[in-house]
Amino acid sequence: GGFTKTPGWLDWYTGPSKPTFKLPEGAVDAHCHVFGPGAEFPYAPERKYTPCDASKQQLYALRDHLGFDKNVVVQATCNGADNRAMVDALLNSNGKARGVATVKRSVTDQELQEMHAAGVRGVRFNFVKRLVDFTPKDELIEIANRIKPLGWHVVIYFEAVDLPELWDFFTALPTTVVVDHMGRPDVTKPVDGPEFELFVKFMREHPNVWSKVTCPERLSVAGPKALDGEQNAYRDVVPFAKRIVDTFPDRVLWGTDWPHPNLKDHMPDDGLLVDFIPHIATTPELQKKLLVDNPTRLYWS
Ligand SMILES: O=C(O)/C=C(\C=C(/O)C(=O)O)C(=O)O
């Protein structure tokens, strides 16, 4: 399709390790993407980056390698509101993949029905400025009200500094709301400081709000090497993710974020990411809620 990957963009980790942590039966990778192939599913003209192609076959091979049973394939901004690649992945998953789409107000009811039949169960609203241009709030509210009767939820991706200004909009959403990557906390700040307290307040005061405790590799300042010399990586993210899992055990999800778009300085070994889970979900009961019960209830009920 003649698409050139954004310079500096790293490809996903080839040859991920086998995790030491054994995933429970029925575990769901609840945040991942497929990209293209660009020749078949062209990337959106309005995109802010061009990824490498990352196919459904490669995603499902990773699923099996890591020991997951199912996937939730999330529409990424590089495909804009053209959900064909994601829907194609769902249709070729034998019912083992559900999806989260990006739609505009121009989406027809017929298109929503077709996406529902394929396994789509939510829409994604992205507020990360380096990824998307501004979408008017009235259009997003209109979309949220149109997808509510389908039983869909709204996935939101934003940066912690923007939560105060987005608070009224988020708390007025009429559906279940799922936050990507804990709203990207600044992990150099105290886990009980005012910034993360605001996010915890958001979840505590709004029981319809869930969070993915994902992407330590994006949030960590320490990087893959542990801060204190121990083996587990991304040590500085653990307190934040562990606090959310411990406080809201029935409203958390986990995912690999494969193929990890927009990473430029290091690319995580997906096996290492899976080994991060026991540090944030520290008992078999919490691991089962995070990896099996919660995603199954939200996407396969
Ligand atoms: O994959 C992620 O969830 C994170 C990123 C990208 C997207 O979500 C996207 O382009 O839709 C990012 O932080 O660059």
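For the structure, see preceding data.
What comes next is a walk through the structure. Predicted model, so just to flag it, every value in this text is computed and none were measured.

**As for the site of the ligand**
So, point 1. Neighbouring the ligand are 15 residues; His-33, Tyr-49, Thr-77, Arg-124 and Tyr-157 lie closest to it.
So, point 2. Tyr-49 places a side-chain nitrogen or oxygen 2.6 Å from an oxygen atom of the ligand.
So, point 3. A distance of 2.7 Å is found between an oxygen atom of the ligand and a side-chain nitrogen or oxygen belonging to Thr-77.
So, point 4. Expressed as a share of its isolated accessible area of 350 Å², the protein-covered part of the ligand is 100%.
So, point 5. Here the residues of the shell around the ligand sort into 5 nonpolar, 5 polar and 5 charged.

**Structural notes on the pattern of salt bridges**
So, point 1. Summed over the entire model, instances satisfying the criterion amount to 21 salt bridges.
So, point 2. When the shortest N-O distance is used, the salt bridge between Arg-218 and Asp-257 registers 2.8 Å. With Arg-218 in helix H7 (residues 216–219) and Asp-257 in the loop between strand E8 (252–253) and helix H9 (270–280), the pair connects residues that are 39 residues apart, well separated along the chain. Accessibility classification places Arg-218 together with Asp-257 in one group, the buried group.
So, point 3. Where Asp-293 meets Lys-288, a salt bridge forms, and the shortest distance between an N and an O atom there is 2.7 Å.
So, point 4. Bridged by salt links that share partners, the residues Asp-69, Lys-70 and Lys-96 form one connected network.

**Re helix H8 (residues 238–247)**
So, point 1. Regarding H8, the residues found buried are Val-238, Phe-240, Ala-241, Ile-244 and Val-245.
So, point 2. Its buried side turned inward, H8 meets helix H6 (194–205), strand E7 (209–212), E8, H9 and helix H10 (284–299).

**A closer look at the pairing of strand E5 (residues 153–157)**
So, point 1. The element E5 is extensively covered by neighbouring structure, given that 5 of its 5 residues are classed as buried.
So, point 2. Of the two faces of E5, the one holding His-153, Val-155 and Tyr-157 and the one holding Val-154 and Ile-156 are both buried throughout.
So, point 3. In terms of strand pairing, strand E4 (residues 120–126) meets E5 through 5 bridges, oriented parallel. Across the sheet, residue Asn-126 finds its bridge partner in E5, namely Tyr-157.
So, point 4. In the sheet, E5 pairs with strand E6 (residues 177–179) via 3 bridges, with the strands oriented parallel. Within the sheet, the bridge partner assigned to Val-154 lies in E6 and is Val-177.

**Thoughts on the nonpolar core**
So, point 1. Counting 89 residues, the largest nonpolar core has Phe-125 and Ile-156 as the members making the most contacts within it.
So, point 2. Residues within four places of Phe-125 in sequence aside, it is in contact with Leu-140, Ile-143, Ala-144, Val-154, Val-155, Ile-156, Tyr-157, Phe-169 and Leu-173.

**Some points on the pairing of strand E3 (residues 97–101)**
So, point 1. Counting buried residues along E3, 5 of its 5 residues qualify, which places the element largely inside the surrounding structure.
So, point 2. Residues Ala-97, Gly-99 and Ala-101 point to one face of E3 and Arg-98 and Val-100 to the other, with burial holding for every one of them.
So, point 3. Bridging between strand E2 (residues 70–74) and E3 involves 4 bridges; their strand directions are parallel. Within E3, the position partnered with Val-73 by the bridge is Gly-99.

**Some details on the state of the cysteines**
So, point 1. Enumeration according to the criterion identifies 0 disulfides in this entry.
So, point 2. You can see Cys-32 has no disulfide; the closest cysteine sulfur is in Cys-215, sitting 11 Å from it.
So, point 3. With no disulfide partner, Cys-78 has as its closest neighbouring cysteine sulfur the one in Cys-52, 9.4 Å distant.

Rules behind the numbers
- Position labels on residues start from 1 in each chain and follow its written sequence.
- Selection of residues for local features in this predicted model requires a pLDDT of at least 70, selection of side-chain atom pairs for listing and counting requires 80 or more, and totals for whole chains, interfaces and linings are taken over all residues.
- Heavy atoms throughout the structure, all of them, feed into the side-chain values; hydrogens and water do not.
- The cutoff for a nearby residue is simple: one of its non-hydrogen atoms must lie within 4 Å of the molecule or strand.
- The term polar contact refers here to a pair of N or O atoms within 3.5 Å; inside protein, the definition further demands a hydrogen-donor-capable atom paired with an acceptor-capable atom, and it admits residues adjacent in sequence only when both atoms are side-chain atoms.
- Note on areas: Shrake-Rupley with a 1.4 Å probe; residue coverage comes only from the protein chains shown.
- For this classification, the nonpolar set comprises Ala, Val, Leu, Ile, Met, Phe, Trp, Tyr, Cys and Pro, the charged set comprises Asp, Glu, Lys and Arg, and every other residue, Gly included, is treated as polar.
- We count a salt bridge whenever a side-chain nitrogen from Lys or Arg sits within 4 Å of a carboxyl oxygen from Asp or Glu.
- Put simply, DSSP H or I for four residues or longer makes a helix, DSSP E for two residues or longer makes a strand, and each gets a number counted from the N terminus.
- The classification of residues rests on relative accessible area computed with a 1.4 Å probe and restricted to protein chains. Under 20% of the type maximum is buried, over 50% is exposed, and intermediate values are partly exposed.
- Working rule for contacts: check all heavy atoms of both residues, and any pair within 4.5 Å makes them a contact.
- Paired strands, as defined in this entry, are two strands with at least two bridges between them according to DSSP.
- Residues grouped as a nonpolar core are buried Ala, Val, Leu, Ile, Met, Phe, Trp, Tyr and Cys residues, joined through side-chain atoms within 4.5 Å.
- The disulfide definition used here is simple: a pair of cysteine sulfur atoms within 2.5 Å.

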